[in-house]
Amino acid sequence: MLEMECLQGLFSKTINITMEKLYIELTNRCNLKCAHCYNDSNNGICFDLPFDNITDMLEYAKECKLKSIALSGGEALLYPHISDVFEKCKELELDVLLLTNGTYFENEKYFNILFKYLPDIQVSLDGPDANSNDKIRGSGNFERAISFIKRLKKYNYPRRITVNTVLNEHTVHVYRDMLTVCSSLGVDELTYSFLTMAGRAKSNVLPIADSDFYNVVKDINTNIKPNPDNKCQGVGVNHLCSLTSVHDSIIKLQPKVTFKGEVFPCQMQHNSEYMIGNINTHTLKQILDSNDARRFLALMFLRKYYMKECNACLFKSICGRGCMAKSINDCGNPFVVDGCCQFYKELIVVDILKRLTYN
């Protein structure tokens with residue numbers, strides 16, 4: 001479907017909006033106070049999503065045929081009804097990815113919850129040692145997170161364990177060493193994510209300098225490879241997004257619901273200007289079908305006509321002119337390139353060559 005046809009279809013509602021992923025921030029309660037937290041969690045004011053609203057969202061996720069959802073915070077395990085959330089996911093046969101700082105498991109109650117409901121687990125580590133990690137996450141928290149992972153492995157935790165590192169001014173010098181740590185721990189995957197300049201990050205942490213960004217991302221995705229003997233096999237930076245290219249009568253969003261009930265079209269959106277609704281006043285299904293959601297998607301389509309840097313590019317229809325959320329977060333402007341342009345091109349060329357070789 002051509003872009004202008006998509007634009008017309010959005011408001012005539014011949015295009016349906018559903019979702020392919022769902023990220024739920026259960027609470028802003030947290031036992032840490034990380035310097036780069038975009039949510040400013042553990043700031044003295046507690047917000048928890050109403051459990052009834054979470055139930056409605058999970059049932060809609062099942063209706064949309066989602067296989068899994070992601071739970072985060074704050075620290076998701078501090079949500080007062082966390083066991084009830086896991087129980088509902090189990091009832092609906094929804095797999096769960098739990099995002100955790102990995103430091104709250106000295107309390108046996110929470111460790112037992114994991115082995116009862118068996119979510120996939122993503123642990124945040126921002127350095128390969130205490131000196132680097134604890135600059136961001138606080139004293140003693142590297143050892144706590146490492147001990148948690150070791151304990152999971154000791155008891156043969158059967159689900160996927162991932163470590164995620166946020167790329168910023170502190171981790172730019174140590175990101176390569178993360179693979180050694182993850183391999184020694186036997187985790188399944190190491191991922192890197194971009195720093196979001198919101199919350200405490202705006203005043204405490206700087207992103208990687210523009211001059212270094214491309215080389216770091218390229219290095220991670222092309223040069224840092226796990227040894228075949230290592231348990232940790234997945235290494236990379238998430239890049240292309242399904243929202244950047246829409247060619248069908250169904251658009252699948254990846255909405256994020258914050259602990260205040262705010263709904264954004266994707267996990268990386270944080271600016272209130274791009275909020276499409278609130279589950280405290282409307283259901284998630286109503287929000288995704290709302291004019292606010294359609295206006296956001298219309299902005300994505302219109303963006304393609306204002307990105308002059310992309311007009312002559314052979315790959316513009318594949319990358320969709322890059323990530324609008326990253327453009328907004330980094331530059332405050334949805335109509336500029338997101339900083340990963342050259343990297344996208346190289347990835348696309350590599351993918352094309354692989355397909356040609358395979359065929």
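We now turn to the structure provided with this report. Remember, it's a predicted structure, so these values are computed and weren't measured experimentally.

On a plain count of helices and strands, the protein comes out with 14 helices and twelve strands. Taking 21 Å as the expected radius of gyration for a compact globule of 359 residues, we find that the protein reaches 20 Å, a close match to that expectation. If you line up the protein on its principal axes, its C-alpha atoms span 55 × 45 × 45 Å. Of all 359 residues assigned to the protein, the portion counted as buried reaches 53%. The long-range fraction of contacts in the protein, counting pairs at least 24 apart against all pairs at least 6 apart in sequence, stands at 70%. In the structure as shown, the protein presents an accessible area of about 17,100 Å², 50% of it carried by carbon and sulfur atoms. Across the protein, the mean location of the 41 positive side-chain charges is 2 Å away from that of the 41 negative side-chain charges.

Before going further, it helps to spend a moment on the pattern of salt bridges. Within this structure, the stated rule accounts for 14 salt bridges. Of the charged contacts in the structure, one is a salt bridge between Arg-159 and Asp-120, with a shortest N-O distance of 3.3 Å. Within this pair, whereas Arg-159 is found in the loop between α6 (141-154) and β6 (161-167), its partner Asp-120 is found in strand β5 (residues 120-124), the two being separated by 39 residues in sequence. Here Arg-176 ties to Asp-219 by a salt bridge, and the two come within 2.8 Å at their closest N and O atoms. Here Arg-176, found in the loop between β6 and α7 (178-185), pairs with Asp-219, found in helix α9 (residues 210-222); they are 43 residues apart in sequence, far enough to count as distant. Here the salt bridges do not stand alone but share partners, grouping Glu-59, Lys-88 and Glu-91 into one network.

Counted according to the given criterion, the structure contains nine aromatic pairs. Ring centres of Tyr-104 and Tyr-110 lie 5.1 Å apart, and the angle between their planes is 55 degrees; on these two criteria the pair is classed as tilted. On the numbers, 3.9 Å between centres and 10 degrees between planes, the contact of Phe-105 with Phe-148 is stacked. Separated by 43 residues along the polypeptide, Phe-105 in the loop between β4 (95-100) and α4 (108-117) and Phe-148 in helix α6 bring together distant segments of the chain. Each member of the pair, Phe-105 as well as Phe-148, carries the same accessibility label: buried. Taken together, the ring pairs in this structure connect Phe-105, Phe-111, Phe-115, Phe-148, Tyr-155 and Tyr-157 into an aromatic cluster.

So, about the side chain of Ser-41. When you line up the elements, Ser-41 lands in the loop between β2 (23-25) and α2 (51-63). One polar contact links the side chain of Ser-41 to the main-chain amide nitrogen of Gly-74, over a distance of 3.2 Å. For Ser-41, the contacting residues outside a window of four places in its chain are Asn-28, Cys-30, Leu-32, Lys-33, Gly-73, Gly-74 and Arg-200.

On to a nonpolar patch on the surface. Taken together, the side chains of Ile-318, Val-349, Ile-352, Leu-353 and Leu-356 define a hydrophobic patch exposed on the protein surface, amounting to about 430 Å² of accessible area. Broken down by element, the nonpolar patch gets its largest block of residues, four residues, from helix α14 (residues 341-358). On the secondary structure map, Leu-356 appears in helix α14.

Within a beta sheet, neighbouring strands are joined by backbone hydrogen bonds and run either parallel or antiparallel to one another. One open sheet holds the ten strands; their spatial order is β8-β7-β6-β5-β4-β3-β2-β10-β11-β12, and the pairing between them is mixed. For this open sheet the edge positions go to β8 (234-237) and β12 (277-278), each flanked by a neighbour on one side alone. Here strand β7 (residues 189-194) runs beside β8; their pairing, made up of four bridges, is parallel. Across the sheet, Tyr-192 pairs through a bridge with Val-237, a residue of β8.

Rules of the game
- Residues numbered from 1 in each chain as written.
- Predicted model: local features only at pLDDT ≥ 70, side-chain atom pairs only at ≥ 80, totals over all residues.
- Heavy atoms only, no water.
- Helix = DSSP H or I, 4+ residues; strand = E, 2+ residues; numbered from the N terminus.
- Rg over C-alpha atoms; globule rule 2.2 N^0.38 Å.
- Buried < 20%, exposed > 50% of the residue type's maximum accessible area, 1.4 Å probe, protein only.
- Contact = heavy atoms within 4.5 Å.
- Areas by Shrake-Rupley, 256 points an atom, 1.4 Å probe, with all protein chains shown as cover.
- Lys, Arg positive; Asp, Glu negative; His and termini not counted.
- Charge placed at Lys NZ, Arg CZ, Asp CG, Glu CD.
- Salt bridge = Lys/Arg side-chain N within 4 Å of Asp/Glu carboxyl O.
- Phe/Tyr/Trp six-rings, centres within 6.5 Å; stacked < 30°, edge-to-face > 60°.
- Polar contact = N/O pair within 3.5 Å; in protein donor to acceptor, adjacent residues only side chain to side chain.
- Patch = residues over 30% accessible without salt bridge, like charges linked within 9 Å, V, L, I, M, F, W, Y side chains within 5 Å.
- Pairing = 2+ DSSP bridges.

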